[in-house]
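Structural characterization, general
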Amino acid sequence: MKSATPKVLHDLCGRSLVGHVLAASAELEPENLVVVVGHAREQVAAHLAGIAPGVRTAVQAEQNGTGHAVRMGLEELGGSVDGTVVVVCGDTPLLTGETLRRLSATHSADGNAVTVLTAEVPDATGYGRIVRDEVSGAVTAIVEHKDASEGQRSIREINSGVFAFDGRLLAEALKRVRTDNSQGEEYLTDVLGILREAGHRVGASVAGDHREIAGINNRVQLSEARRVLNDRLLTAAMLSGVTVVDPATTWVDVSVTFERDVVVHPGTQLHGSTHLAEGCEVGPNARLTDTRVGAGARVDNTVASGAEVGPEASVGPYAYLRPGTRLGRGGKIGTYVETKNASIGEGSKVPHLSYVGDATIGDFSNIGAASVFVNYDGQDKHHTTVGSHCRTGSDNMFVAPVTVGDGAYTAAGSVITKDVPPGSLAVARGQQRNIEGWVARKRPGSAAARAAEEAVRGSAEEG
């Protein structure tokens, strides 16, 4: 990956690669879930503790092959276990729980010692081929591409690296795996031959979509997997009643949820725990993270994080909702407005060119254009409260802490530094003074002076 981040921790649709594999594995409801960690194990273990506290880790101090890794995992469980052991790869994020359930069911139903998950691919170049018995269909060998004959290279069924084993037989077979190969490693695939030679059945379960078994080894493959998973998520959303106008330009995380009749316009990104309620519209060109949008609301060209937009409310275009923003039913946050830690009540509006931070605004109030809630004194944040049914003038500064009472008005251009009683009009600005002839004296010969002279002359002629 050419990255400081371990491969399995790279993000894909809001979840790490290993996080996707854990989610699929958890659908089997396993008695034990063990992740074998080696490279950058401190980072990986810390990540696992954050996303799946119940998961156990086994350390593979030296990377001596896949068989060795599985042996380390079994040692974490005491060396051997009864029942089925499913082995999956930590870099196959498209693998689904359904496919793993089918693998496990096939393994049990057929009475296999080991069942390999396979897939039929358009081009098998470079993959290990699955060789089957022509009569029984049992797997007789996995032949690596470099060792395959011409006939074997025509086989399109390949090994995924995902297996279901009889736990006891797996533990015994791993003791017999040798390292006399070009890599000097313990290969898990050697277990299949060992078990077959001992008279046990080796079977296979074919994945419905070969893309499920794709491993991620570089950022090109990461991008390809993101496209596949994103399409999978959007298809599920559309089949549940969501309109996605342009799936090619819409990106969602696995944790995003929708209700029916939502409309998602082009260029929209939905991340984290974002939830879109029934009948709302989002986009175009919106990026919402951990944000809830109420029923019938409209969010246009907006960036929002940790915000809540009430039912039938309107946001944007070109709004920025920072964490702690709460917009009530039917409220409005308009063009070039930024909000942070602000509760804006039902029917209240902040229509244009304003900043509202650390504030509470009641119901059905209107905040005039170009208003700033001055919440920071250079050391501490302070709170502003604007009551219900207030009308504040344009170009107001509310210097916190300050309260504007219910039903109060403030005049345009005011700097509000004192509390405004309910029903009052606050005017906090200097008296206007006109100095006549100033331009002619201070800017003689300028375009402004000539324009003023002509205006005065014209006015005199009309008089």
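Not measured: the values here are computed from a predicted model. (Residues numbered from 1 in each chain as written. Predicted model: local features only at pLDDT ≥ 70, side-chain atom pairs only at ≥ 80, totals over all residues. Heavy atoms only, no water.)

1. Topic: unusual backbone geometry
- Following G283, the chain continues to P284 via a peptide bond in cis, the omega torsion being 5°.
- The topology assignment puts P284 in the loop between β17 (281-282) and β18 (287-289).
- P401 follows A400 through a cis peptide bond whose omega is 0°.
- Residue position: P401 is located in the loop between β34 (397-399) and β35 (402-404).
- Positive phi, close to 65°, is recorded for D261, a residue that is not glycine.
- You can see D261 is positioned in the loop between β13 (257-258) and β14 (263-264).
- Although it is not a glycine, Y318 sits at a positive phi angle of roughly 65°. (Helix = DSSP H or I, 4+ residues; strand = E, 2+ residues; numbered from the N terminus.)

2. What about the side chain of N396?
- Assignment of secondary structure puts N396 in the loop between β33 (391-392) and β34.
- In terms of polar contacts, N396 uses its side chain to reach the backbone carbonyl oxygen of G393, at 3.4 Å. (Polar contact = N/O pair within 3.5 Å; in protein donor to acceptor, adjacent residues only side chain to side chain.)

3. Examining a nonpolar patch on the surface
- A cluster of nonpolar residues, Y318, Y336 and L353, forms a patch on the protein surface that exposes about 360 Å² of accessible area.
- Tracing the backbone shows L353 in the loop between β28 (349-352) and β29 (355-361).
- Owing to a relative accessible area of 52%, L353 belongs among the exposed residues under this scheme. (Patch = residues over 30% accessible without salt bridge, like charges linked within 9 Å, V, L, I, M, F, W, Y side chains within 5 Å. Areas by Shrake-Rupley, 256 points an atom, 1.4 Å probe, with all protein chains shown as cover. Salt bridge = Lys/Arg side-chain N within 4 Å of Asp/Glu carboxyl O. Buried < 20%, exposed > 50% of the residue type's maximum accessible area, 1.4 Å probe, protein only.)

4. Re helix α8 (residues 219-239)
- Along its 21 residues, α8 runs 30 Å from first to last C-alpha, staying within 8% of the 30 Å computed at 1.5 Å per residue.
- Among the residues of α8, those classed as buried are L222, A225, V228, L229, N230, L234 and A237.
- Contact partners of the buried residues in α8: β1 (11-12), α1 (17-26), β11 (243-244), β12 (251-252) and β13.
- Sitting at the head of α8, N218 places a side-chain oxygen 3.0 Å from the backbone nitrogen of V220.
- Backbone geometry just after α8 places G241 at a positive phi near 110°. (Expected span 1.5 Å × (residues − 1). Contact = heavy atoms within 4.5 Å.)

5. Let's talk about the packing of α1 against helix α2 (residues 41-51)
- Interhelical geometry of α1 versus α2 gives an angle of 45° and a closest axis separation of 11 Å. Judged by the inter-axis angle, α1 sits oblique to α2. Seen along the crossing, α1 lies across α2 with a hand that is right-handed. Of the residues in α2, those in contact with V18, G19 and L22 of α1 are H47, L48 and I51.
- Tallied by class, residues from the contact of α1 with α2 come to 4 nonpolar, 2 polar and no charged. (Axes fitted to C-alpha atoms, helices over the stretch in contact; angles between N-to-C directions. Parallel < 35°, antiparallel > 145°, perpendicular 65-115°, else oblique. Left-handed = near helix turned anticlockwise from the far one by under 90°. Nonpolar A, V, L, I, M, F, W, Y, C, P; charged D, E, K, R; others polar.)

6. Describing the UniProt feature "binding site: acetyl-CoA" (unreviewed entry) in the protein chain
- Look at the UniProt record and you will see "binding site: acetyl-CoA" (unreviewed entry) annotated at A369, N375, Y376, S394, A412 and R429.
- Locating A369 in the fold gives a position in the loop between β30 (366-367) and β31 (372-374).
- For A369, the residues in contact, after removing those within four places along its chain, are H352, S354, S394 and D395.
- In this structure, A412 sits in the loop between β36 (409-410) and β37 (415-416).
- Residue contacts for A412: discarding those within four places in its chain leaves G393, S394, N396 and R429. (UniProt positions renumbered as here; feature names shortened; annotations may be inferred.)

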